[in-house]
Amino acid sequence: MKIKFIYNLILSAVMIFCVAGYSLAEQKTQGKRNDTLIIYYSYTGNSKTIAEYAKKKLTADILELEPKIPFSTDYDTVVKEWQNNDIKKDVEIKPVKINLKKYKKIVLITCVWWYGISPVMKKFLKEYDLSDKDVIVASANAGGLGHSFEDYKTLLSKSNIKGELDLVFGSQENDRNKLKTSYKEIDDWLNKLTAKPLNN
Ligand SMILES: Cc1cc2nc3c(=O)[nH]c(=O)nc-3n(C[C@H](O)[C@H](O)[C@H](O)COP(=O)(O)O)c2cc1C
């Protein structure tokens, strides 16, 4: 009888311990749930480089946008197709599978195509809702930022744009992927989203 009592006591203690431990672990993962998402489109890899840098700095999630039908891998062909209007300026994009609702802070990075944000980013902002979210935006370009920030403002009229970054890379064939903007400027821009100094 006494042994059975002690056995039940130990069993109850173990069960309480397990339940308490589980809920503590659950609270921890919930507390750590990421609220920042980086969304980018990159044709030659520049926006991608900065998106990955931002992912590390902010310990954020990341989403790459893609056109439904890939553009030619030849740079000059894409430029020509765009000039000749062969590429439909209103391109279709692959559906986004991430639940955007769970993110409060968004980082948007895209290349500039013909003095505006890329058609892929444009399409994304037309199709998906980022209302009420804090957003920082960047445009990777070769010195011709054009109306990119106006594009972002028009398409994000219901979001809080907290920072804009003119992300300049080289303009010649041999330095197209050479970053001209300093990492200090990039960090200052990222800080506008976190509102607290970033770790080095
Ligand atoms: C079709 C096309 C149009 C472009 N139009 C512009 C432009 O208007 N202004 C500019 O500065 N750069 C322009 N560029 C250059 C890219 O914006 C620049 O190289 C940028 O760094 C590329 O970023 P990504 O590597 O993320 O694609 C254009 C490039 C392509 C392919």
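Let us look at the structure shown here. (Residues numbered from 1 in each chain as written. Predicted model: local features only at pLDDT ≥ 70, side-chain atom pairs only at ≥ 80, totals over all residues.)

1. Re the nonpolar core
A general feature of soluble globular proteins is that nonpolar side chains tend to end up buried together.
And then number 1: The biggest cluster of nonpolar side chains holds 38 residues, and the ones touching the most others in it are Val-107, Leu-108 and Ala-138.
And then number 2: Counting only elements with at least two residues in this core, the list comes to β1 (36-41), α2 (46-58), β3 (105-113), α4 (119-127), β5 (134-141), β6 (160-168) and α6 (183-194).
And then number 3: For this core, the element with the highest residue contribution is β3, accounting for seven residues.
And then number 4: Dropping the residues within four chain positions of it, Leu-108 is found in contact with Ile-39, Met-121, Val-135, Val-137 and Ala-138. (Core = buried A, V, L, I, M, F, W, Y, C linked by C-beta atoms within 7 Å. Buried ≥ 20, exposed ≤ 12 C-beta atoms within 10 Å, placed from the backbone. Helix = DSSP H or I, 4+ residues; strand = E, 2+ residues; numbered from the N terminus. Contact = placed C-beta atoms within 7 Å.)

2. Digging into the site of the ligand
And then number 1: Taken together, 23 residues form the shell around the ligand, and within it Thr-44, Asn-46, Ser-47, Cys-111 and Gly-144 come nearest.
And then number 2: Elements supplying a minimum of two residues to the shell around the ligand: α2, α3 (75-83), β3 and β5.
And then number 3: Counting residues per element, the shell around the ligand draws most heavily on α3, at four residues. (Near = placed C-beta within 6 Å.)

3. As for unusual backbone geometry
And then number 1: With phi around 40 degrees, Thr-59 is a residue other than glycine that occupies positive phi space.
And then number 2: As for its position among the elements, Thr-59 is in the loop between α2 and β2 (61-64).
And then number 3: We note that Tyr-115 has phi near 65 degrees; this positive angle belongs to a residue other than glycine.
And then number 4: Take Tyr-115: it is sitting in the loop between β3 and β4 (116-117).

4. Brief notes about the packing of α2 against α6
And then number 1: For the pair α2 and α6, interaxial distance at closest approach is 11 Å and the crossing angle is 50 degrees. With respect to α6, the element α2 is oriented oblique. The hand of the α2/α6 crossing is right-handed. On α6, the residues touching Ile-50, Tyr-53, Ala-54, Lys-57 and Leu-58 of α2 are Ile-186, Leu-190 and Thr-194.
And then number 2: Split into classes, the residues belonging to the contact of α2 with α6 amount to six nonpolar, one polar and one charged. (Axes fitted to C-alpha atoms, helices over the stretch in contact; angles between N-to-C directions. Parallel < 35°, antiparallel > 145°, perpendicular 65-115°, else oblique. Left-handed = near helix turned anticlockwise from the far one by under 90°. Nonpolar A, V, L, I, M, F, W, Y, C, P; charged D, E, K, R; others polar.)

5. A look at helix α5 (residues 148-155)
And then number 1: For α5, the set of buried residues is Ser-148, Asp-151 and Tyr-152. Seen from one end, α5 has its buried residues packed into an arc of 95 degrees, which puts them on one side. The exposed residues of α5 that point more than 90 degrees off its buried face are Glu-150 and Thr-154.
And then number 2: Structurally, α5 contributes buried residues whose contacts are with β3, β4, α4, β5 and β6. (Arc of directions from axis to C-beta.)

6. Side note on α2
And then number 1: In this model α2 runs 18 Å from its N-terminal to its C-terminal C-alpha over 13 residues, within 8% of the 18 Å that 1.5 Å per residue would give.
And then number 2: Among the residues of α2, those classed as buried are Asn-46, Ser-47, Ile-50, Ala-51, Ala-54 and Leu-58. Seen from one end, α2 has its buried residues packed into an arc of 130 degrees, which puts them on one side.
And then number 3: Buried residues belonging to α2 abut β1, β2, β3, β5, β6 and α6. (Expected span 1.5 Å × (residues − 1).)

7. Focus on the pairing of β1
And then number 1: Summarising burial for β1: six of the six residues are buried, a large majority.
And then number 2: Side chains Thr-36, Ile-38 and Tyr-40 of β1 all project onto a buried face; the interleaved residues Leu-37, Ile-39 and Tyr-41 project onto the opposite face, where all are buried too.
And then number 3: Where β1 meets β3, six bridges bridge the pair, whose relative direction is parallel. In the sheet register, Tyr-40 faces β3, and the bridge partner there is Ile-109. (Pairing = 2+ DSSP bridges.)

8. Things to note about the environment of Ile-50
And then number 1: Here Ile-50 shows up in helix α2.
And then number 2: For the pair Ile-50 and Tyr-183, spaced 133 residues apart in the sequence, the C-alpha separation amounts to 9.6 Å.
And then number 3: Apart from the residues lying within four places of it in its own chain, the contact partners of Ile-50 are Ile-109, Ala-138, Ala-140, Leu-167 and Ile-186.

9. Quick word on the pairing of β3
Strand residues, when the strand is regular, have side chains that alternate between the two faces of the sheet.
And then number 1: Of all nine residues making up β3, nine are buried, and the element is well covered by its neighbours.
And then number 2: Taken together, the seven bridges between β3 and β5 define a ladder with parallel strand orientation. Counted as the bridge partner of Val-107 is Ile-136 from β5.
And then number 3: Across two bridges, β3 lies against β4 in antiparallel orientation. Directly across from Trp-113, in β4, lies its bridge partner Gly-116.

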